[in-house]
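# Remarks on the overall topology
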Amino acid sequence: MFFKNEKKEKRKLTLYQTLLMYALLPLFVSTMIFSAFTVLKVESDLEESTYSKLEITTNAIKAYFEWDIAKDILEKDDISYKFIDSLINEDIEQTLIKDNERFMTSIRNQDGSRFEDTKIGDEVYEALKKGESYKQHDVVINGEKYYVCYTPVYNADGTYWGAAFAGEKEEVVNVAKLEAVIATTIIFVLLITFFLPLGLFLGKKIVLPIKVVSNTIKELSNGNLNAELEASSHVNETITLIA
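Below or above, wherever it landed, is the structure these notes cover.

How each quantity is defined
Residues numbered from 1 in each chain as written. Predicted model: local features only at pLDDT ≥ 70, side-chain atom pairs only at ≥ 80, totals over all residues. Heavy atoms only, no water. Buried < 20%, exposed > 50% of the residue type's maximum accessible area, 1.4 Å probe, protein only. Helix = DSSP H or I, 4+ residues; strand = E, 2+ residues; numbered from the N terminus. Pairing = 2+ DSSP bridges. Lys, Arg positive; Asp, Glu negative; His and termini not counted. Salt bridge = Lys/Arg side-chain N within 4 Å of Asp/Glu carboxyl O. Polar contact = N/O pair within 3.5 Å; in protein donor to acceptor, adjacent residues only side chain to side chain. Contact = heavy atoms within 4.5 Å. Axes fitted to C-alpha atoms, helices over the stretch in contact; angles between N-to-C directions.

Here the focus is the pairing of strand β1 (residues 92-98). Taken across its 7 residues, β1 has 6 buried, putting it largely inside the fold. Sheet analysis places β1 next to strand β5 (residues 160-169), joined by 7 bridges and oriented antiparallel. Each bridged residue has a counterpart across the sheet, and for Ile-97 the counterpart in β5 is Ala-163. Looking at chain direction, β1 and strand β2 (residues 101-105) are connected through 4 bridges and run antiparallel. In the sheet register, Leu-96 faces β2, and the bridge partner there is Met-104. Hairpin connection of β1 to β2: 2 residues between the antiparallel strands, including Asp-99 at a positive phi of 60°.

Time to look at the side chain of Glu-170. Position of Glu-170 relative to the elements: it lies in helix α4 (residues 170-221). Of the side chains with opposite charge, Lys-145 lies nearest to the buried Glu-170, which makes no salt bridge, at 5.5 Å. Only 2.4 Å separates the side chain of Glu-170 from the backbone nitrogen of Asp-138, close enough to count as a polar contact. With sequence-adjacent residues up to four places away left out, Glu-170 is seen in contact with His-137, Asp-138, Lys-145, Tyr-146 and Tyr-147.

Our focus in this paragraph is the sheet that holds β2. Note: strands within a sheet are paired through backbone hydrogen bonds, in either parallel or antiparallel orientation. An order of β2-β1-β5-β4-β3 is seen for the 5 strands of this open sheet, with the pairing classed as antiparallel. Of all the strands in the sheet, just β2 and β3 (134-141) have a single pairing partner and so form its edges. Neighbouring strand axes in the sheet, compared pairwise and without regard to direction, differ in orientation by 35° on average.

Here we take up the pairing of strand β4 (residues 144-154). Consecutive side chains of a regular strand alternate in pointing toward one face of the sheet and then the other. Of all 11 residues in β4, 8 are buried, a share of seventy percent or more. With 6 bridges connecting them, β3 and β4 associate as antiparallel partners. For Ile-141, the partnering residue across the bridge sits in β4 and is Glu-144. The turn linking β3 back onto β4 is made up of 2 residues, and Asn-142 within it adopts a positive phi angle of 55°. In terms of strand pairing, β4 meets β5 through 9 bridges, oriented antiparallel. Looking at β5, one finds that Val-153 is bridged to Gly-162.

So, in structure tokens, the structure goes:
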């Protein structure tokens, strides 16, 4: 038995495929890079704006209660709780902390009672006693993960009294991030949807006249002297070839 070794000819790209590759590949790559950069930038901006919002809130809590603390008239009354609960509809929880325990808070337990007389974390407490604000995410409070901000609150003589807290659940921030990702993805899909058919159309407009010229040349080489060239193009080089 004789074996015949045949080298398989490698499949080569057509002119049409080559044009599409050079036209659309950079579009895909650049759009994907732009989309990834945009998503990362939006996520970073969302986190930064969340911390900024929480810091402003803690400063407001501090300013609201410091006068009562200085005059030693602070009470858990309806007016104080109305302020503490004032941002619930905006998904922001507020807490006034005395020393290292939650004195008043809008955070509630499953039974509806307030998550009060509970201690804050040791790391947070140490930072506050040093006069430092504390910002962090992924902080678990009463079984929920939060973006948090703590700001020290002082007595009239400048000694440490406690802290103001503002927090937003991570799931709320993550939903905003997801919406940004979806919006970016939609833009990416729309760009591809628009430019892909355009690339296919232009590629055919360029390649078709060249194929006609190629087929005509083949006819002539095969002895068909009556072969006629019927092609038109808007590309200068192709027009020269046709002429």
